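Tertiary structure, described
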Amino acid sequence: MRVVVLTGAGISAESGVRTFRDAGGLWEGHDVEDVATPEGFTRDPELVHRFYDARRRALTLVGPNPAHRALAALEEALGEELLVVTQNVDDLHERAGSRRVVHMHGELRRARCEACGARPAWDADLLDAPPCPACGRARLRPDVVWFGEVPYELDRIHAAVTGCDLFVAVGTSGAVYPAAGYVALAASSGARTLELNLEPSEVSRYFDEVRTGPAARLVPQLVAELAPA
C-alpha cells in the first residue's frame, strides 16, 4: 500500500513549536509582507534574519512528539511505500527517525545562497552575513519558501499523491495552496483520503473520513491500524 502523509503546523504545535501566523494574520507581530516575502527581505534583510535566526534557535528547545515518532515507525514498516510531505520548516520528522520527508516549504536548519543556489545545512545565525560554504559569497538567506515563491519538489509530490492508495493530512489548515489541493488530487486518482486534525480544516469536506483530536493520539492509532505490531 502506497501512503502519502501531508503534515502541517498542527503536528509540531504539540511539541511546542509556535506557528508563525497568528489568528490575526500576523507572523509573530510582523506583517507577512515584511518577513515572508522576497520583497520584505530586499527592504530589510536584517529584520528577516533576526526573525528566522530566533526561530532556528527555538528549535533546540523542542523535540518530536508521539505523532512524529509514529510516522517514523510507519516508515520502518512500509519503507519506500511511504512519503511524508511536510509544510513545516522544522526538523522534528527527521529527529524522530523519518528519512523519506519532503520539505515543500524549505527548512529552518538550512540556508540558501542567492549567488550559487547551494542549500547548506545551517545551525548558526545568518544576521552577520556569513559566507556561503560553496562559493564564498555573503549571499545567504533562510531556506524558507516565502509567499510568491514556488515550493520545492512539486513534481515529486504530484507523482506521489496521484500514485498513492491512501492520502492522510495531519494538522493542516487547508488554507495554503498547493498543499490544500492535494486531497482533491488524491481523491480524483482513486485514493482513500483521511484527515487527522484538532478540528475540521477548510477542505475537510473533500476527505472520505475526518478524525478530530490531537495528532499525538490520532497518528499512533492510525499507524497501529496500518502496521500492527
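As annotated in an unreviewed UniProt entry, the protein chain carries the name NAD-dependent protein deacylase and comes from Oceanitalea stevensii. Of the comments in the UniProt record for the protein chain, the one headed Subcellular location (unreviewed entry) reads "Cytoplasm". What UniProt states about the protein chain under its Sequence similarities (unreviewed entry) heading is, verbatim, "Belongs to the sirtuin family. Class III subfamily."

Side note on the pattern of salt bridges
By the definition in use, this model includes 17 salt bridges. The salt bridge partner of R110 is E107, with a shortest N-O separation of 3.2 Å. Take E107: its relative accessible area is 18%, and that puts it in the buried class. A salt bridge links E149 to R112; its shortest N-O distance comes to 3.8 Å. Taken together, the residues E149 in the loop between strand 5 (140–144) and helix 7 (154–162) and R112 in strand 4 (residues 106–113) connect sequence positions 37 residues apart. It is possible to trace a salt-bridge network through shared partners that takes in R112, R119, R141, D143 and E149.

What about the state of the cysteines?
Within this structure, the stated rule accounts for zero disulfides. No disulfide involves C113; its sulfur sits 3.7 Å from the nearest other cysteine sulfur, which is in C135. By relative accessible area, C113 is classed as buried at 3%. Assessed through its relative accessible area of 35%, C135 is described here as partly exposed.

Describing unusual backbone geometry
A cis geometry characterises the amide bond from Y177 onward to P178, with omega recorded as 15°. Phi is positive for A129, close to 55°, though the residue is something other than glycine. Relative to the elements of secondary structure, A129 occurs in the loop between strand 4 and strand 5. The class for A129 is partly exposed, based on a relative accessible area of 45%. Even without a glycine there, the phi angle at E153 is positive, about 55°. Checked against the element boundaries, E153 lands in the loop between strand 5 and helix 7. For E153, a relative accessible area of 39% corresponds to the partly exposed category.

Here is what the cut-offs are and how they apply
In this numbering scheme, every chain counts its residues from 1 along its sequence in written order. Local features in this predicted model are restricted to residues whose pLDDT is 70 or higher, and side-chain atom pairs enter the listing and the counts only when it is 80 or higher, whereas totals over whole chains, interfaces and linings include all residues. Side-chain numbers come from the whole structure's heavy atoms, not from hydrogens or water. UniProt positions are given in the numbering used here, feature names are shortened, and annotations may be inferred rather than shown by experiment. Whenever Lys or Arg places a side-chain nitrogen within 4 Å of a carboxyl oxygen from Asp or Glu, that contact is recorded as a salt bridge. Think of it in three bands: residues with accessible area under 20% of the maximum for their type are buried, residues over 50% are exposed, and the middle band is partly exposed, with areas taken using a 1.4 Å probe on protein chains only. The secondary structure listing takes helices from DSSP runs of H or I that are at least 4 residues long and strands from runs of E that are at least 2 residues long, numbered from the N terminus. A pair of cysteine sulfur atoms is labelled a disulfide when the two atoms are within 2.5 Å.

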